[in-house]
Amino acid sequence: MAGGVLSFPLTAFHADGSLDVDGMREYLGGQLAAGPGALFPACGTGEFFSLDEDEYRQVVAVSVEEAGGRVPVVAGVGYGWAQAVRFARVAEEAGADALLVLPHYLVAAPQDGLVAQLEQIAARTSLPLIAYQRGQVAFTAGSLTRIARIPGVIGLKDGHSDLDRLQRLTLAAPEGFLFFNGAATAEIQARAYAAVGVPAYSSAVHAFAPEIADAFFAALGAGDRGTVDKLLRDFYVPFVELRDRVPGYAVSLVKAAARLRGRPVGPVRAPLTDPSAADLADLDALLTAGLDLVGASR
């Protein structure tokens, strides 16, 4: 999965908020045509938290169908372990290759509880698990060695961007254990993550502008510092500043950018809100500038 940008696709909805399977299928075709390292449907960017089980089943199933075995399909699961297991069984039936275990709901928990959460899920699914530490979930090096011994737990996605802690985790991990950069806009910190042994990353930008995401990935891999700096300075940093204006823009701004490019993804569901007209205008200008940087058209 380190061979390409990891795609976290949006979930398509109709204007009335109902699931748009046909729109999802069309949108996924564009994502897959860009050659991602893997497809992660029904995760944070895909509004997992807003899907019921039947919708979730359809999202994972259409992702598996469209991927056609070309790339791994890693579906999100979450909430408490009992609910996560219900979603895991749905994902398994739909043909997913692995699961990303999103942070549990609401409460903080001790390290023993975080480990037990993964133990409970792993014991009830045959699919490999990737843990996601973000928000109230943060593993210590000691806990990392414990979860790495759980049969089926194959990796960790990090969304904290605490490089001191992350370095300790990578040093504690057994050989072959996978790590992923899961920062909100991962490209901003991609060089720093790579320096501590975590080169693979997810890209929200890939969800609406794979041309920009792929150009950055190629420049980073080639050690082209000039191109990396230019893309960071002229696109990624302004995008993050726009994203940080309103809570939830990490998803709704991405979805709005996809709509600006004619992708049939529809609106976000509450509690998220679509961007204001002013923010949408700024996004439109930034999108045009970013695509111009990599020689791509709208």
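With respect to the overall build of the protein
Scanning the protein from N- to C-terminus turns up 11 helices and eight strands. Since a compact globule built from 298 residues should have a radius of gyration of about 19 Å, the 18 Å found for the protein is in line with a globular shape. In terms of overall dimensions, the protein has C-alpha extents of about 50 × 45 × 35 Å along its principal axes. When each of the 298 residues of the protein is scored for burial, the buried share is 51%. Put simply, of all contacts in the protein between residues at least 6 apart along the chain, 72% involve residues at least 24 apart. Approximately 11800 Å² of the protein is accessible, and the part contributed by carbon and sulfur atoms is 53%. Each charge class in the protein was averaged separately, 24 positive and 33 negative side chains, and the resulting centres sit 4 Å apart.

Looking at unusual backbone geometry
A cis amide bond, omega 15 degrees, links Ala-270 with the succeeding residue Pro-271. With respect to the element layout, Pro-271 can be found in the loop between α10 (249-260) and α11 (277-293). Its identity as a non-glycine residue notwithstanding, Glu-47 has a phi of 55 degrees, on the positive side. Here Glu-47 shows up in the loop between β2 (38-39) and α2 (53-67).

Structural notes on the environment of Gly-223
Examined against the element boundaries, Gly-223 turns out to sit in the loop between α8 (210-222) and α9 (225-243). Here the alpha-carbon distance between Gly-223 and Arg-191, two residues 32 residues apart in the chain, equals 10.0 Å.

Here we look at a nonpolar patch on the surface
A contiguous nonpolar patch, built from Met-1, Ile-154 and Leu-178 and spanning about 190 Å² of accessible area, is present on the exposed surface. Summarising the element assignment, Leu-178 is placed in strand β7 (residues 178-181).

A short note on the packing of aromatic side chains
Under the definition given, this model contains 12 aromatic pairs. A ring pair is formed by Phe-48 and Phe-87, whose centres lie 5.0 Å apart and whose planes are at 65 degrees; its orientation type is edge-to-face. Residue Phe-48 is found in the loop between β2 and α2, and its partner Phe-87 is found in helix α3 (residues 81-94); the two are separated by 39 residues along the sequence. Of the two residues, Phe-48 and Phe-87, neither departs from the other in class, the shared state being buried. Taken together, the ring pairs connect Phe-208, Phe-216, Phe-235, Tyr-236 and Phe-239 into an aromatic cluster. Across from the ring centre of Tyr-132, 4.4 Å away, lies the NZ or CZ of Lys-157, which sits over that ring.

Some points on the pattern of salt bridges
Under the criterion given, the structure shown has 18 salt bridges. The residue Glu-47 makes a salt bridge to Lys-255 at a minimum N-O spacing of 2.8 Å. Of the two residues, Glu-47 sits in the loop between β2 and α2 while Lys-255 sits in helix α10, which places them 208 residues apart along the sequence. Summarising the burial analysis for this pair, Glu-47 and Lys-255 share the class buried. Taking the shortest distance from any N to any O, the salt bridge between Arg-269 and Glu-55 comes out at 2.6 Å. Placement of the pair is Arg-269 in the loop between α10 and α11 and Glu-55 in helix α2, with a sequence separation of 214 residues. Of the two residues examined, Arg-269 and Glu-55, each falls in the buried class. A network of salt bridges, in which partner residues are shared, links Arg-25, Glu-65 and Glu-66.

Examining the nonpolar core
In terms of nonpolar packing, the biggest core is built from 68 residues, with Phe-40, Tyr-56, Leu-100 and Phe-179 touching the most fellow members. With seven residues, α3 is the largest single contributor of residues to this core. Those residues in contact with Leu-100, other than ones at most four positions away along the chain, are Phe-8, Phe-40, Cys-43, Val-74, Ala-75, Gly-76, Val-77, Ile-130, Ala-131, Tyr-132 and Lys-157. Of all hydrophobic cores here, the second largest spans 34 residues; its members include Ala-186, Val-205, Leu-232 and Val-254.

Let's talk about α2
Here α2 spans 21 Å end to end across 15 residues, near enough to the 21 Å set by a 1.5 Å rise per residue. Listed as buried for α2 are Glu-55, Tyr-56, Val-59, Val-60, Ala-61, Val-62, Ser-63 and Ala-67. Next to the buried residues of α2 lie α1 (21-33), β2, β3 (74-77) and α3. Put simply, Asp-52 is the residue that caps the front of α2, since its side-chain oxygen is 3.1 Å from the backbone nitrogen of Asp-54. One or two steps after α2, the chain reaches Gly-68, where phi turns positive at roughly 55 degrees.

Focus: the packing of α9 against α10
Axis separation between α9 and α10 bottoms out at 9 Å; the angle between their running directions is 120 degrees. Contacts from Phe-239, Leu-242 and Arg-243 of α9 reach α10 at Tyr-249, Ala-250, Leu-253 and Val-254. By residue class, the composition of the contact of α9 with α10 is six nonpolar, no polar and one charged.

Procedures and definitions
Residues numbered from 1 in each chain as written. Predicted model: local features only at pLDDT ≥ 70, side-chain atom pairs only at ≥ 80, totals over all residues. Heavy atoms only, no water. Helix = DSSP H or I, 4+ residues; strand = E, 2+ residues; numbered from the N terminus. Rg over C-alpha atoms; globule rule 2.2 N^0.38 Å. Buried < 20%, exposed > 50% of the residue type's maximum accessible area, 1.4 Å probe, protein only. Contact = heavy atoms within 4.5 Å. Areas by Shrake-Rupley, 256 points an atom, 1.4 Å probe, with all protein chains shown as cover. Lys, Arg positive; Asp, Glu negative; His and termini not counted. Charge placed at Lys NZ, Arg CZ, Asp CG, Glu CD. Patch = residues over 30% accessible without salt bridge, like charges linked within 9 Å, V, L, I, M, F, W, Y side chains within 5 Å. Salt bridge = Lys/Arg side-chain N within 4 Å of Asp/Glu carboxyl O. Phe/Tyr/Trp six-rings, centres within 6.5 Å; stacked < 30°, edge-to-face > 60°. Lys NZ or Arg CZ within 6 Å of the ring centre and 35° of its normal. Core = buried A, V, L, I, M, F, W, Y, C linked by side-chain atoms within 4.5 Å. Expected span 1.5 Å × (residues − 1). Polar contact = N/O pair within 3.5 Å; in protein donor to acceptor, adjacent residues only side chain to side chain. Axes fitted to C-alpha atoms, helices over the stretch in contact; angles between N-to-C directions. Nonpolar A, V, L, I, M, F, W, Y, C, P; charged D, E, K, R; others polar.

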